[in-house]
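Chain by chain, the residues:
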Amino acid sequence: LFKEKKKIYSIAQLPPPPDEKLKPNGKYYALLIGNSNYSDKGKFKDLASPKNDVIKLSKLLETKYKFKVITAIDIKRDEFFDKIDELKNLVTPNDYVLIYYSGHGEKRGNNEIYWIPVNASKNSKRDWVNVDDITVDFEGDAPELPSYHLALLVDSCWFSVKGSSIVKNKNISYQKLLNKRAAIIMASGQDEFVDEPGEGNSSFGHTIITELENANKPIRLHDIFKQVEIELGDLDQTPLYRGMKKWNHSVGDFIFIPVS
């Protein structure tokens, strides 16, 4: 008789437990921002995919994954902060929070990264949004925007991060991933130009949406990222996935749980 060899899974291959065994600590929330229609006076060209991506992703997260979703399309500078404040007033330290930005991005100097509201001008930074002014709410032991898991997804040009480290795969179960603190950035590109198709959905948005649509079991954000790397492999951009230590990342991961 031969003893059957026990199969050993890597964390990426680890089969998730049935949905009913996964017990989130809190609720799921999402803030989805898509800026497509820019002011002609500002000289930023219009983008087709941000609005399309956000509308489709919003419906999917609400219906299949039971997120409470705040959708923000074609917003001005003040509205960025209004939407962040709206999110702050909803979430607790036990909740799972997804923030998605798609639109123009700009960089000044070595460290200043900006998201561009629809009323902004190329000739003045006055109406630009410094990303640090958003992410400062994620930092510290008692962040202004509390969460148990935080995922920031960015589809824009010239995006970079500071003070981060690569997420390490650990051979732990989905429930442990769900229970461990997570604070993660996933972006379509880094300090570079990012392709925009001019119609339909971006490759980044399309891949995320497709993976979530096709999932019939819980799915990790890290596994979605692996597919993003494949789908964007023929483009001149390098997708990013990192755990943010200064946002108190541990070894958790953002887990999307479809509701049957």
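Everything that follows concerns the structure shown earlier in this document.
Below or above, wherever it landed, is the structure these notes cover. (Residues numbered from 1 in each chain as written. Predicted model: local features only at pLDDT ≥ 70, side-chain atom pairs only at ≥ 80, totals over all residues. Heavy atoms only, no water.)

Further remarks concern the sheet that holds strand S5 (residues 112–115). One open sheet accounts for 3 strands, arranged S4-S5-S6; its pairing is antiparallel. In the strand order of this sheet, the two ends are held by strand S4 (105–108) and strand S6 (129–130), each with one partner. Sheet topology places S4 next to S5; 4 bridges connect them, and they run antiparallel. Residue pairing across strands places Lys107 opposite Ile113, the latter belonging to S5. (Pairing = 2+ DSSP bridges. Helix = DSSP H or I, 4+ residues; strand = E, 2+ residues; numbered from the N terminus.)

Moving on to the pattern of salt bridges. Inspection of every chain in the model, using the stated rule, returns 10 salt bridges. Between Asp85 and Lys88 there is a salt bridge, with its nearest N and O atoms 3.6 Å apart. One end of the pair is Asp85 and the other is Lys88, both in helix H2 (residues 77–88) and 3 residues apart, which spans about a single turn. In this structure Asp85 comes out as partly exposed when scored by relative accessible area, which is 36%. One salt bridge in this structure joins Arg108 and Glu106, with 3.4 Å as the shortest N-O distance. Owing to a relative accessible area of 13%, Glu106 belongs among the buried residues under this scheme. Salt bridges sharing partners connect three or more residues here, namely Asp85, Lys88, Asp137 and Glu144. (Salt bridge = Lys/Arg side-chain N within 4 Å of Asp/Glu carboxyl O. Buried < 20%, exposed > 50% of the residue type's maximum accessible area, 1.4 Å probe, protein only.)

Pairing between strand S1 (residues 28–34) and strand S2 (residues 68–73): 6 bridges, direction parallel. Looking across to S2, one finds that Leu32 is bridged to Thr71. This β-α-β element, S1 to helix H1 (residues 49–63) to S2, shows right-handed connectivity. (Right-handed = clockwise from strand over helix to strand, strands pointing away.)

An ideal rise of 1.5 Å per residue puts 16 Å on 12 residues; H2 measures up with 17 Å between its terminal C-alpha atoms. Residues of H2 that are buried: Phe80, Ile84, Leu87 and Lys88. Angularly, the buried residues of H2 cover 105° about the axis, an arc narrow enough to put them on a single face. (Expected span 1.5 Å × (residues − 1). Arc of directions from axis to C-beta.)

Positive phi, normally seen in glycine, also occurs at Asp74, with a value near 55°. Among the structural elements, Asp74 can be located in the loop between S2 and H2. The backbone of Asn248 sits at a positive phi, close to 70°, despite the residue not being glycine. Among the structural elements, Asn248 can be located in the loop between strand S11 (240–243) and strand S12 (255–256). The class of Asn248 is partly exposed, set by a relative accessible area of 32%.

One can describe the packing of helix H5 (residues 203–214) onto helix H6 (residues 221–231) by two numbers: an axis separation of 9 Å at closest approach and a directional angle of 135°. One way to sum up the angle between H5 and H6 is to call them oblique. Between H5 and H6 the crossing geometry is right-handed. Contacts from Phe204, Thr207, Ile208, Glu211 and Leu212 of H5 reach H6 at Ile224, Gln227, Val228 and Glu231. Of the residues that constitute the contact of H5 with H6, the class distribution is 5 nonpolar, 2 polar and 2 charged. (Axes fitted to C-alpha atoms, helices over the stretch in contact; angles between N-to-C directions. Parallel < 35°, antiparallel > 145°, perpendicular 65-115°, else oblique. Left-handed = near helix turned anticlockwise from the far one by under 90°. Contact = heavy atoms within 4.5 Å. Nonpolar A, V, L, I, M, F, W, Y, C, P; charged D, E, K, R; others polar.)

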